[in-house]
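A structural walkthrough
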Amino acid sequence: MTAYFCVLAFLMIFLIEICFVILVSETLENRARDKISLIGKEFEATLQSGADEKTLEDSINRNRIDGINIFLFTAEGELVAPDDYGDIQSILNEVASRVKQEEAGYNITYRSGDAVSYASKIEYAGKPHILFVTYSVSIVRDTVLNLQLYLLIIGLCVFAAAVLVSFAFSKKLTSGLKTMSDTAVLLAEGDYDIQFTNADYKEMAQLSDTLNYVRDEVKKSEDFQHEILANVTHDLKTPLTMIKAYASMIKEISGDNPEKRDKHLQVIIDEADRLTGLVNDVLSVSKLQANMTEVKLKVFNLTELVYGIINKFGYLQETQGYSFMLDIEQNLYTRADEEKISQVIYNLLGNAANYTGEDKTVYISLNSSMDGKRVRFAVKDTGKGISKKDLSEIWNRYYRVNENHNRPVKGTGLGLNIVKAILESHSFDFGVESEVEKGSLFWVDFPCVPAEIEI
Ligand code: ADP
């Protein structure tokens, strides 16, 4: 990590230095060029205005103080101004090669060696003359070199600081991560008393919170597993004991009494059904959990399906005084996995019958929405309802609210989890509304499709 930081810091400093050097030297040279050509043009204007020799000398001397040299030659190479200059042959050679052959009015600004120069051919006093203005940029170069050096020193200091900071930072970060990783290993080994603590950085504190949440969830799930194992074992044991007891009774006591024998046989059949239901539920959950079942979509008559399932519960109305209040629209079709949806409706109806109140009433409705796009199936009971705390939990596998059953316990806390898994695999909306002592309403929204569509 430190190495990455160092490389990054080095690259940034290197880039800044390169940009700075290029930009500064370019800018300074461009400004020198502009200045030189401006002074050249001003001097030309002075010449054109017919200034006398003294004015010209003054202008030349003033600029010389700023490091700018101005020369005026005749076209034949004779120095007109300044009059006090030493060896002018090299200057003359250079300027002559650039403008001597040109027409009056021609000018050029150029860089040659350490100097930026302006040369032009002009008419002065009725004759062609050559004007040459030059400025040494060695001072610019020296300035850039100095700046470069300062920048290098600053860069090295920043680099050293970056190395130190990144080293300290990465050490702190990795030590936190190492502690977390060690703690995670303990969690993986089954120690749920561990605590992820790291509040050095906001993100690490968030990670700690998330890992603590994972720990709680894993612990909860483990507790649930133990609970369901106990539940399933108990629920398997009870009907098996009953079956054995009643079978023995038939063999020893009621075998010859048809009335009693039939009653005892019915208990055996009911208990065997209960066992089958339980085993089916456990199988469904494990299949859904392992994603082993695919959703086989087809268009079917939802109204008929709902009626069919209500009929299965008919014995409750006939023998136990239950009333099913129906508000069902005819011929509503949907597209879904018919078998699975029938399991959903069966589970929801079964729960409503199981948990409804003393009046043993269950309200079942199936209606299409105003826009005709959805069909809502809803089942409502008048039972004890579900507390806010339990509402979010009831969809979890193996979850059972403390005993509040009307009929003897049949389920294992798997029913709603199966409902949830099936509806989620269809991406259908579903939910529950419940108030303690006022009953619960479970609903599912199906897509509404025309009868003729087949896939
Ligand atoms: P079970 O087989 O125990 O009924 P479910 O998964 O179907 O399991 O339901 C989970 C728990 O949710 C139930 O144990 C019960 O406490 C609660 N529950 C489900 N439906 C209702 C309902 N209609 N009224 C009140 N409680 C309900």
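In this report, we go over the structure that sits alongside the text. None of the values given here were measured: they were computed from a predicted structure.

**Quick word on the nonpolar core**
Ranked by size, the top nonpolar core spans 42 residues in total, and within it Ile 341 and Ile 364 carry the most contacts. For this core, the secondary structure elements donating two or more residues are α6 (258-289), α7 (302-312), β7 (323-328), α9 (338-355), β9 (361-368), β10 (374-381), α11 (415-426) and β12 (439-447). In terms of residue count, α9 provides more of this core than any other element does, seven residues in total. Not counting residues up to four positions away in its chain, the partners in contact with Ile 364 are Val 306, Ile 310, Phe 324, Met 325, Leu 326, Asp 327, Ile 328, Leu 349, Phe 377, Ala 378 and Val 379. Ile 36, Ile 39, Leu 47 and Ile 68 belong to the second-largest nonpolar core, a separate cluster that totals 24 residues.

**A short note on the sheet that holds strand β3 (residues 107-112)**
An order of β2-β1-β5-β4-β3 is seen for the five strands of this open sheet, with the pairing classed as antiparallel. Looking at which strands have only one partner, the edges of the open sheet turn out to be β2 (79-81) and β3. Neighbour to neighbour, the strand axes of the sheet diverge by 25° on average, direction disregarded. Sheet analysis places strand β1 (residues 68-74) next to strand β5 (residues 127-136), joined by seven bridges and oriented antiparallel. Looking at the pairing, Ile 68 lines up with Tyr 135 of β5. Set on the sheet, helix α2 (residues 53-65) makes contact with β1, β2 and β4 (115-124); between it and β1 the angle comes to about 145°.

**A word on the packing of aromatic side chains**
By convention here, two paired aromatic rings are described through the distance between centres and the angle between planes. The final tally for this structure, using the stated rule, is six aromatic pairs. Measuring from ring centre to ring centre gives 5.9 Å for Trp 395 and Phe 442, while their planes differ by 70°; the resulting arrangement is edge-to-face. In this pair, Trp 395 is assigned in the loop between α10 (388-391) and α11 and Phe 442 in strand β12, connecting sequence segments 47 residues apart. Considered together, Trp 395 and Phe 442 belong to a single accessibility category, that of buried residues. Members of the aromatic cluster, joined through ring pairs, are Phe 71, Phe 73 and Phe 132. The ring of Tyr 363 has Lys 380 lying over it, and the distance from NZ or CZ to the ring centre is 5.1 Å.

**Digging into the packing of α7 against α9**
Two elements in contact, α7 and α9, have axes whose closest approach is 10 Å; the angle formed by their N-to-C orientations is 45°. Classed by the angle they form, the pair α7 and α9 counts as oblique. For the pair α7 and α9, the crossing hand works out as right-handed. Seen from α7, the contacting residues are Leu 302, Leu 305, Val 306, Ile 309, Ile 310 and Lys 312; seen from α9, they are Glu 338, Ile 341, Ser 342, Ile 345, Tyr 346 and Leu 349. Residue composition of the contact of α7 with α9, by class: nine nonpolar, one polar and two charged.

**Focus on the sheet that holds β9**
Taken in spatial order, the five strands line up as β7-β9-β10-β12-β11 in an open sheet, and their pairing is mixed. One side of each edge strand has no neighbouring strand; the edge strands of this open sheet are β7 and β11 (429-435). Each neighbouring strand pair of the sheet contributes to a mean axis angle of 10°, computed without reference to strand direction.

**What about the environment of Glu 222?**
Looking at the secondary structure, you find Glu 222 in helix α5 (residues 202-252). By relative accessible area, which is 32% here, Glu 222 ends up partly exposed. A C-alpha to C-alpha distance of 29 Å links Glu 222 and Ile 345, two positions 123 residues apart in sequence. Separated by 3.3 Å, the side chains of Glu 222 and Tyr 192 make a polar contact.

**Overview of the packing of α9 against α11**
Two numbers describe how α9 lies on α11: the axes approach to 9 Å, and their chain directions differ by 145°. In terms of crossing hand, the pair formed by α9 and α11 is left-handed. Counted together, Lys 340, Ile 341, Gln 343, Val 344, Asn 347, Leu 348 and Asn 351 of α9 and Gly 415, Leu 416, Ile 418, Val 419, Ile 422, Leu 423 and His 426 of α11 form the full contact between these two elements. In terms of residue class, the contact of α9 with α11 is made up of eight nonpolar, five polar and one charged.

Procedures and definitions
- Residues numbered from 1 in each chain as written.
- Predicted model: local features only at pLDDT ≥ 70, side-chain atom pairs only at ≥ 80, totals over all residues.
- Heavy atoms only, no water.
- Core = buried A, V, L, I, M, F, W, Y, C linked by side-chain atoms within 4.5 Å.
- Buried < 20%, exposed > 50% of the residue type's maximum accessible area, 1.4 Å probe, protein only.
- Helix = DSSP H or I, 4+ residues; strand = E, 2+ residues; numbered from the N terminus.
- Contact = heavy atoms within 4.5 Å.
- Pairing = 2+ DSSP bridges.
- Axes fitted to C-alpha atoms, helices over the stretch in contact; angles between N-to-C directions.
- Phe/Tyr/Trp six-rings, centres within 6.5 Å; stacked < 30°, edge-to-face > 60°.
- Lys NZ or Arg CZ within 6 Å of the ring centre and 35° of its normal.
- Parallel < 35°, antiparallel > 145°, perpendicular 65-115°, else oblique.
- Left-handed = near helix turned anticlockwise from the far one by under 90°.
- Nonpolar A, V, L, I, M, F, W, Y, C, P; charged D, E, K, R; others polar.
- Polar contact = N/O pair within 3.5 Å; in protein donor to acceptor, adjacent residues only side chain to side chain.

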